[in-house]
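Structural description and commentary
Here is how the chains run, residue by residue.
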Amino acid sequence: MSSVQVVPAPPDRVWAALNDPQLLKACITGCESIEPTGDNEYKVAMAVKIGPVSAKFAGKIFLLDIRPPESYTINFEGQGGVAGFAKGTARVQLSPEGEATSLAYTASAQIGGKLAQIGSRLVDGAARKMAADFFAALARELQDESAQADPAQHAARAPGPQPSM
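Overview of the structure.

Cut-off values and rules
Residues numbered from 1 in each chain as written. Predicted model: local features only at pLDDT ≥ 70, side-chain atom pairs only at ≥ 80, totals over all residues. Heavy atoms only, no water. Helix = DSSP H or I, 4+ residues; strand = E, 2+ residues; numbered from the N terminus. Phe/Tyr/Trp six-rings, centres within 6.5 Å; stacked < 30°, edge-to-face > 60°. Buried < 20%, exposed > 50% of the residue type's maximum accessible area, 1.4 Å probe, protein only.

1. Details of unusual backbone geometry
Going from P68 to P69, the amide bond is cis rather than trans, its omega being -20°. With phi around 60°, N40 is a residue other than glycine that occupies positive phi space. Assignment of secondary structure puts N40 in the loop between β2 (31–38) and β3 (41–50). Located in the positive-phi region is D65, a residue other than glycine, with phi close to 50°.

What follows is the structure in C-alpha cells.
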C-alpha cells in the first residue's frame with residue numbers, strides 16, 4: 001500500500017507530530033497506548049476490528065534509517081491472540097509543499113491467523129480506511145495546534161463560522 005497525503009503544516013511540525021506518542025495515540029483509530037521502551041522503540045496496544053474479526057493487539061514499533069525531518073522507516077510487529085499476527089514495514093518521506101507538507105509512504109505487511117483467512121480485499125480495505133482516518137485526524141490536530149498558537153492567523157485563513165464537534 002502506498003499513498004501521498006498533503007498535511008497542512010510545515011515539515012518540521014509534521015515530523016514532530018509523527019514522533020509524538022500521545023498525538024499518534026489520539027490519531028490512530030483503536031490505539032490504546034504507545035509507550036517508549038528504548039531509543040526509537042515503542043510498545044503499542046491496539047483494538048482492531050476487520051470484518052468479523054475483533055482483537056486486541058500487543059506489539060512493537062522500531063524506527064530505523066531516521067533522517068529528521070525528511071524520512072524514516074517503521075518496522076512493526078503485533079500479536080492478536082487467536083486473531084493472528086501482523087508484521088511489516090512502512091517507509092515515510094516528508095517534503096515541503098508550499099506551507100504544507102507532502103507525506104509519501106509505502107507500507108507492506110504480512111498477516112497470519114484468522115486475519116489471513118478473511119481475505120486480502122477486506123484487510124486492504126480496512127488498512128486504507130485506517131490510513132485515511134489517521135491522516136484526517138493528524139490534519140485536525142495540526143490545524144487545532146496552529147489555531148491555538150495563533151488564533152488571529154487561523155481566523156484570517158478560515159473566515160466564517162467553524163463547524164463544532
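Moving on from the model shown.
2. Some remarks on the packing of aromatic side chains
Ring pairs (aromatic) are described by centroid distance and by the angle formed between their planes. Evaluated as defined, the whole model comprises three aromatic pairs. Taking 5.0 Å as the distance between ring centres and 50° as the angle between the ring planes, the aromatic pair formed by W15 and Y72 counts as tilted. Taken as a pair, W15 in helix α1 (residues 11–18) and Y72 in strand β5 (residues 71–79) lie far apart in primary sequence, 57 residues in all. W15 gets classed as buried once you look at its relative accessible area, which sits at 13%. Geometrically, the ring pair formed by Y105 and F135 is stacked, given 5.5 Å between the ring centres and 25° between the ring planes. Remark: F135 occurs in helix α4 (residues 120–149) and Y105 occurs in strand β7 (residues 100–112); sequence separation between them is 30 residues. We classify F135 as buried; its relative accessible area is 11%. Members of the aromatic cluster, each reached through a chain of ring pairs, are Y105, F134 and F135.

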